[in-house]
Amino acid sequence: MRKLTAGILAHVDAGKTTLSEAMLYLGGALRTLGRVDHADAFLDTHELERERGITIFSKQAVLSLPDVEITLLDTPGHVDFAAEVERTLQVLDCAILVVSAPDGPQGHTLTLWRLLEKHGIPVFLFLNKMDQPVDRPALLEKLKRSLSPALLDFTAYGQDSFWEDAALGDELALQEYLEKGALADGTLRRLVGSRRCFPCFFGAALKTQGVQELLDALSRFAPRPPYGAEFSARVFKISRDAQGTRLTHLKVTGGELPVKSTLALPGGQEKIDQLRIYSGAKFTAANVVGAGTVCAAVGLASTYPGQPLGQEGPWAAPALEPALTYQLILPEGADPHMVLPQLRQLEEEDPQLHLEWNEALGAIHLRLMGRVQAEVLKRVVLSRFGLSVDFGPGHVVYRETIAGPAVEGVGHFEPLRHYAEVHLLLEPLPQGSGLVLDTACSEDRLDRNWQRLVLTHLGEKVYKGVLTGSAITDMKITLVAGRAHEKHTEGGDFRQATYRAVRHGLMKAQSVLLEPWYTLRLELPASSLGRALADLQRMGGENDPPETIGDEVVLTARAPVAAFGDYALEVAAYTKGHGRVSCTLGGYRPCGEAEKIIAEIGYDPEMDVDDPPGSVFCAHGAGYQVPWYEVENHMHLPPFDLPEPPREEETAARGLELDHELQAIFEKTYGAVKPRAFQPPPKPAEGGGPKVQVPAPDPRPEYLLVDGYNMIFAWKDLNQVAKENLDAARWMLMDILSNYQGFKQNRVILVFDAYKVPGGTGSVQRYHNIHVVYTKEAETADAYIEKASYELSRDNQRVRVATADFAEQLIILGHGALRLSAQDLREEVERTHGEIDQIISANRLALRGGTMRAAFENAGKI
């Protein structure tokens with residue numbers, strides 16, 4: 001029988017588990033309907049779930065329909081357990097997103113939608129609780145604005161309006177509709193599978209209204225993924241049953257998996273002792289499972305969530321990560337060394353806990369998404385290990401990167417009868433790049449097997465920075481040289497040399513402390529907008545222009561995690577329960593209080609015995625330590641030739657080609673554009689007027705990158721205009737900067753956010769003497785400016801960036817550009833206007849005195 005794996009997702013209390021009960025009941029898998037509030041729901045199998053009335057752990061149930069066997073995966077609805085949801089997405093063929101109709105799309109609904117979009121999963125929507133008073137057309141319109149305009153009311157199936165809306169999915173569907181007046185099931189299935197159509201159903205799960213229509217649609221229109229003949233599978237969850245047996249939950253995506261078969265895993269060859277197919281708390285044992293089956297394997301010890309098996313490909317890194325770390329407080333008398341191995345079981349089940357042992361403090365630290373997860377974890381530790389634990393206050397999870405020029409890190413490990421030397425090149429990368437590993441070492445200098453070993457060691461651990469001991473990110477580490485000994489080199493020698501080379505390079509580089517930022521979406525009454533904007537400014541955050549949707553204002557913003565705190569509770573208070581906040585981790589930016597944080601943490605990299613920055617050399621038959629600042633005086637290989645900055649004459653020649661430079665940067669981001677968008681203004685006709693004497697230009701032209709909306713909302717006069725007409729404020733700013741550029745003769749690039757324009761590909765326009773950039777969909781002005789400043793500064797150009805965002809100023813400063821606040825630019829503009837007025841006044845006086853020549857001389861000052 002054909003198999004389908006469908007996940008059920010929702011914001012907490014939207015009725016997700018109730019819908020699962022109704023689907024299982026109508027499909028014949030249950031004889032009676034359970035209820036969450038009666039603590040007898042089929043899929044609420046854990047005691048904590050029955051107590052709290054929420055789903056905490058993802059569960060599996062099997063539902064057999066006439067032509068398809070559906071495996072339902074019920075996922076947690078609370079935001080604190082969103083990481084569990086994301087792990088489940090790895091094995092879904094489609095998802096059912098449940099929305100509470102009276103409440104509409106809530107904060108976590110939007111987070112789930114973005115996750116589904118990121119992983120390309122087809123979605124069916126069930127708008128629940130329609131037995132309450134709800135304006136159905138208004139609800140569907142609101143969902144289209146918040147989620148996607150491709151949402152389609154499938155309860156209107158067969159009507160002309162339905163076919164017309166469905167045919168807009170793509171050209172093939174439109175052609176079929178024009179020829180036949182309708183669309184075949186296969187066409188609708190293709191549109192759903194390619195996320196060009198999102199079927200919507202309305203009902204009340206508690207009364208089973210609309211549920212049968214959803215089941216019929218899953219049978220007819222859900223995707224039917226093809227499966228290969230060779231074995232492949234993906235692990236999505238690790239758990240333990242009531243007896244403590246370790247279970248590896250996986251989906252077979254190709255071939256077959258028989259019981260007693262062996263798999264090649266990191267721990268070696270491991271045998272599957274039992275295969276279980278769960279439905280609720282019960283399971284049936286299987287001798288063999290085929291493609292499309294979700295099962296739990298017993299006997300595997302080294303599996304982990306996200307692990308591919310057989311021919312399965314890799315899975316994307318998780319988008320949701322905890323931003324806070326907590327100290328685990330053990331009961332008096334408990335030995336942390338005995339407790340830590342037990343807690344590792346929990347880390348196996350939830351890798352996002354990131355369990356750490358701090359030797360210096362003698363404490364265990366872990367990362368959590370929020371308070372509800374902390375409370376649940378306390379109960380789990382108590383029931384499983386008999387320990388009554390608590391948590392200390394949360395602290396921000398920092399990271400570190402490097403700025404400035406590339407550096408060479410050297411690691412040498414040569415105690416007696418051991419030998420390895422490694423040279424690494426550490427280079428900064430733009431924000432969000434993560435760690436990139438590469439090799440540029442010739443095999444004539446270091447054998448390929450040793451090079452692979454070095455790259456393995458580079459990727460096998462989380463490297464600590466030298467400011468606070470936080471994990472490093474956003475840099476490229478390249479193996480450029482290495483040496484082994486024919487007799488004395490062993491694999492562990494290169495591990496030590498590699499670790500020390502990374503630390504040595506970090507000690508030489510200019511390190512930057514990064515802090516996490518949240519991406520926020522606030523839905524507020526219009527009367528609360530001023531308070532929200534003031535709060536964001538107080539946090540040191542930033543926001544996009546507000547959007548008005550009905551009676552509400554939607555504000556997309558970004559703020560440091562450290563300053564955000566319990567702001568969601570504040571919003572609920574000052575909006576009297578009418579405001580909603582959704583937040584996701586939006587990446588890392590330079591820390592605004594780096595010196596203070598570094599001093600508070602008090603990390604000393606030279607005293608870190610686990611990650612020393614120095615090296616070990618050998619002399620007179622014994623090894624000896626060499627501190628990091630003397631390693632280059634003892635190393636055996638010559639230093640790597642670091643890339644030199646371009647020569648002054650090359651820079652000058654290149655700097656004169658402004659339009660070619662802008663086109664290269666823009667096309668690197670957006671793709672090819674029409675050349676006419678970058679044509680310089682026409683040269684004035686010779687002899688057409690008085691000659692103006694201009695001082696000899698600096699061979700390096702100055703680039704000024706301006707964050708447009710930052711200026712509009714930071715300058716009071718433009719801000720007032722923007723409240724009435726944002727377009728008018730934008731044109732005013734363009735005129736102001738055109739006048740400014742005409743006097744300063746610099747290169748002005750004005751950047752506006754257009755990242756919310758669906759299908760936007762970005763554009764560049766020539767407005768008088770400045771360039772105006774509109775970013776593409778899903779890209780902010782910040783991101784564009786970071787890339788542009790990085791490219792220009794890397795080529796030794798003079799770059800200034802005008803923005804009201806302090807974190808953005810720190811980023812471009814790390815790129816070598818000069819920062820300019822919104823107030824600074826305003827003062828420059830006003831001074832420029834003042835100087836222009838003075839010159840005009842002087843010219844008028846000269847003309848009145850009849851001295852035309854004096855007027856021309858004054859004009860030459862421009």
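This structure is a prediction, so every number in the text was calculated from the model and none was measured.

Describing the overall build of the protein
At step 1: Counting secondary structure elements, the protein contains 27 helices and 41 strands.
At step 2: Buried positions account for 51% of the 862 residues belonging to the protein.
At step 3: At a minimum sequence separation of 6, the contacts of the protein that also span at least 24 residues come to 70%.
At step 4: Of the roughly 40000 Å² of accessible surface on the protein, 51% is carried by carbon and sulfur atoms.

Quick look at the confidence of the model for the protein
At step 1: Model confidence for the protein is summarised by a mean pLDDT of 84, while 87% of its residues fall at 70 or above.
At step 2: Long-range and interchain partners of residues 648-659, a stretch whose pLDDT sits below 50, account for 23 contacts in this model, where long-range means more than four residues apart.
At step 3: The model gives residues 850-856 a pLDDT under 50, and that stretch makes seven contacts with residues more than four places away or in other chains.

Observations regarding the side chain of Arg558
At step 1: Its place among the elements puts Arg558 in strand 32 (residues 552-560).
At step 2: A residue is classified by how much of its surface remains accessible, and Arg558, at 12% relative accessible area, is buried.
At step 3: At 2.6 Å, the side chain of Arg558 forms a polar contact with the side chain of Glu542.

Some remarks on the environment of Leu115
At step 1: Considering the arrangement of structural elements, one finds Leu115 in helix 4 (residues 107-118).
At step 2: Overall, the relative accessible area of 4% leaves Leu115 in the buried class.
At step 3: Among all residues touching Leu115, those that are not within four sequence positions of it are Glu86, Leu89, Ala319 and Leu320.

Describing a nonpolar patch on the surface
At step 1: A cluster of nonpolar side chains, contributed by Tyr25, Leu26 and Leu33, occupies part of the molecular surface with about 220 Å² of accessible area.
At step 2: Inspection of the secondary structure puts Tyr25 in helix 1 (residues 16-26).

Considering the packing of helix 10 (residues 336-349) against helix 11 (residues 371-385)
At step 1: Where helix 10 contacts helix 11, the axes come no closer than 11 Å and their chain directions differ by 130°. Judged by the angle between their axes, helix 10 and helix 11 are oblique. The element helix 10 and its partner helix 11 pack so that their crossing is right-handed. The segment helix 10 lies against helix 11, with Gln342, Leu343, Gln345, Leu346 and Glu349 engaging Leu377, Val380, Val381, Arg384 and Phe385.
At step 2: Tallied by class, the residues present in the contact of helix 10 with helix 11 amount to six nonpolar, two polar and two charged.

Considerations on the side chain of Thr75
At step 1: Here Thr75 is to be found in the loop between strand 3 (69-74) and helix 3 (82-88).
At step 2: Among the polar contacts made by the side chain of Thr75, one reaches the main-chain carbonyl oxygen of Ile8 at a distance of 2.7 Å.
At step 3: Thr75 has contacts with Ile8, Leu9, Lys16, Thr55, Ser58, Val85 and Thr88, leaving out every residue within four places of it along the chain.

Considerations on the sheet that holds strand 36 (residues 702-707)
At step 1: Read from one edge of the open sheet, six strands run 38-39-37-36-40-41, paired in mixed fashion. Looking along the sheet, the strands with just one partner apiece sit at the ends: strand 38 (763-767) and strand 41 (818-820). Averaged over all adjacent pairs, the angle separating strand axes in this sheet is 20°, with direction ignored.
At step 2: For strand 36 and strand 40 (residues 798-802), the ladder comprises five bridges, and the chain directions are parallel. Residue Tyr703 lies in a different strand from strand 40, and its bridge partner there is Val799.
At step 3: Strand contacts of helix 23 (residues 726-744): strand 36, strand 37 (747-752), strand 38, strand 39 (770-774) and strand 40, with the helix running at about 170° to strand 37, the strand carrying the most contacts.

Re the packing of helix 22 (residues 716-724) against helix 23
At step 1: Two numbers describe how helix 22 lies on helix 23: the axes approach to 6 Å, and their chain directions differ by 145°. Taking contact as the criterion, the partners of Leu718, Val721, Ala722 and Glu724 in helix 22 are, on helix 23, Leu726, Ala728, Ala729, Met732 and Leu733.

Some thoughts on the pattern of salt bridges
At step 1: A full pass over the atoms with the stated rule returns 45 salt bridges.
At step 2: Of the charged contacts, one joins Asp390 and Lys378 as a salt bridge, the two residues approaching to 3.1 Å between their closest N and O atoms. You can see Asp390 sitting in strand 21 (residues 390-391) and its partner Lys378 sitting in helix 11, a full 12 residues away along the chain.
At step 3: Measuring nitrogen to oxygen at the nearest pair gives 2.1 Å for the salt bridge that ties Arg730 to Asp727. Of this pair, Arg730 and Asp727 both sit in helix 23, three residues apart, which is roughly one turn of the helix.
At step 4: Residue classification places Arg730 among the buried positions, given a relative accessible area of 13%.
At step 5: Look at Asp727 and you get partly exposed, because its relative accessible area is 40%.
At step 6: In this structure, a network of salt bridges that share partners links the residues Lys142, Arg521, Glu523, Glu552 and Arg580.

What counts, and at which threshold
- Residues numbered from 1 in each chain as written.
- Predicted model: local features only at pLDDT ≥ 70, side-chain atom pairs only at ≥ 80, totals over all residues.
- Heavy atoms only, no water.
- Helix = DSSP H or I, 4+ residues; strand = E, 2+ residues; numbered from the N terminus.
- Buried < 20%, exposed > 50% of the residue type's maximum accessible area, 1.4 Å probe, protein only.
- Contact = heavy atoms within 4.5 Å.
- Areas by Shrake-Rupley, 256 points an atom, 1.4 Å probe, with all protein chains shown as cover.
- pLDDT = per-residue confidence, 0-100.
- Polar contact = N/O pair within 3.5 Å; in protein donor to acceptor, adjacent residues only side chain to side chain.
- Patch = residues over 30% accessible without salt bridge, like charges linked within 9 Å, V, L, I, M, F, W, Y side chains within 5 Å.
- Salt bridge = Lys/Arg side-chain N within 4 Å of Asp/Glu carboxyl O.
- Axes fitted to C-alpha atoms, helices over the stretch in contact; angles between N-to-C directions.
- Parallel < 35°, antiparallel > 145°, perpendicular 65-115°, else oblique.
- Left-handed = near helix turned anticlockwise from the far one by under 90°.
- Nonpolar A, V, L, I, M, F, W, Y, C, P; charged D, E, K, R; others polar.
- Pairing = 2+ DSSP bridges.

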